[in-house]
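Each chain, letter by letter, is given below.
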Amino acid sequence: LHRVDRRQRQMCIRDSHEPVEITVTPNEIAPSKVKQWLVSVEKKRKTELLIELIKEEKRRRALVFVNTKKNADRLVKDLSASGNLACAIHGDKSQAVRQRNLQAFKTKTINILVATDLASRGLDIGKLPVVFNFDLPRIAEDYVHRIGRTGRAGKPGTAMMICVSKDEKNFADIERLVKAEIPRMKHRMGSEETIPKTKDLENKPTQKSTRASRSSG
């Protein structure tokens, strides 16, 4: 999914001959067969929690999304050290290496594939049981693309977000986009302070409004 802002749209119309605008609105923003979950955790325990979630319920094959190439390489090292067979695909790896790593994941030679958004475009992986958002995407639409890697061809799938407190705004953007309240999962390693519900966040007074009310009082 890609947004075109008003300025770009006006430029396209101005520079085109008899332009025709086509707007496509999907019937479903998020795949209905995909169960979505959120787990809150302290930042220092994110990797530890991911490793534990992979172990639980025999989630031994998973696609993990991160936001940076550095995070991808670091996470592969941590996952491998915990006994998983993991590799990464991102922009610093050659096309040949990305294809080799992807094929290893498809043939189950490795069980964990760590990917950035750019490198994962067009991925087609059959029977993928779970997608982890280790880092929440900076753009909400990328979340829909990520979780669309599971739950394909009518098969059930699971998408899990591992969130820290700074993810509050990004998570609210995702809930607004998918037009649903994503369930919060309680976990023994999780943080007691979960990400607030979007509706509660919207009703939460801002720092600016709080100062204004104090000054008026």
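Everything discussed here concerns the structure shown above.
So, here is what we can say about the structure in this document. (Residues numbered from 1 in each chain as written. Predicted model: local features only at pLDDT ≥ 70, side-chain atom pairs only at ≥ 80, totals over all residues. Heavy atoms only, no water.)

1. Some remarks on the packing of aromatic side chains
Counted under the stated rule, the structure contains zero aromatic pairs. The residue whose ring lies beneath lysine 46 is phenylalanine 134, and the NZ or CZ to ring-centre distance is 4.4 Å. Directly above the aromatic system of phenylalanine 105 lies the positively charged group of arginine 61, at a separation of 4.8 Å from the ring centroid. (Phe/Tyr/Trp six-rings, centres within 6.5 Å; stacked < 30°, edge-to-face > 60°. Lys NZ or Arg CZ within 6 Å of the ring centre and 35° of its normal.)

2. Notes on helix 3 (residues 69-81)
The first and last C-alpha atoms of helix 3 sit 19 Å apart over 13 residues, in line with the 18 Å expected at 1.5 Å per residue. Along its buried surface, helix 3 packs onto helix 2 (46-55), strand 2 (62-65), strand 3 (86-89) and strand 4 (112-115). Two residues or fewer past helix 3, glycine 83 is found with a positive phi of approximately 105°. (Helix = DSSP H or I, 4+ residues; strand = E, 2+ residues; numbered from the N terminus. Expected span 1.5 Å × (residues − 1). Contact = heavy atoms within 4.5 Å.)

3. Quick word on the packing of helix 2 against helix 3
Put simply, helix 2 and helix 3 touch, their axes get as near as 11 Å, and they point 55° apart. Overall, the two elements helix 2 and helix 3 adopt an arrangement that is oblique. The chirality of how helix 2 crosses helix 3 is right-handed. Judged by residue contacts, Thr47, Leu50, Ile51 and Ile54 of helix 2 engage Arg74, Leu75, Asp78 and Leu79 from helix 3. Per-class residue counts for the contact of helix 2 with helix 3 are five nonpolar, one polar and two charged. (Axes fitted to C-alpha atoms, helices over the stretch in contact; angles between N-to-C directions. Parallel < 35°, antiparallel > 145°, perpendicular 65-115°, else oblique. Left-handed = near helix turned anticlockwise from the far one by under 90°. Nonpolar A, V, L, I, M, F, W, Y, C, P; charged D, E, K, R; others polar.)

4. What to know about the pattern of salt bridges
Across all of its chains, the model carries 13 salt bridges by this definition. Ionic pairing is found between aspartate 73 and lysine 93, a salt bridge with its closest N-O pair at 4.0 Å. Residue aspartate 73 is found in helix 3, and its partner lysine 93 is found in the loop between strand 3 and helix 4 (95-106); the two are separated by 20 residues along the sequence. Aspartate 73 sits in the partly exposed class, given a relative accessible area of 32%. Residue aspartate 117 pairs with arginine 146 through a salt bridge whose shortest N-O separation is 2.8 Å. In this pair, aspartate 117 is assigned in the loop between strand 4 and strand 5 (130-133) and arginine 146 in helix 5 (residues 140-147), connecting sequence segments 29 residues apart. (Salt bridge = Lys/Arg side-chain N within 4 Å of Asp/Glu carboxyl O. Buried < 20%, exposed > 50% of the residue type's maximum accessible area, 1.4 Å probe, protein only.)

All quantities given are derived from atomic positions and should not be read as evidence of function.
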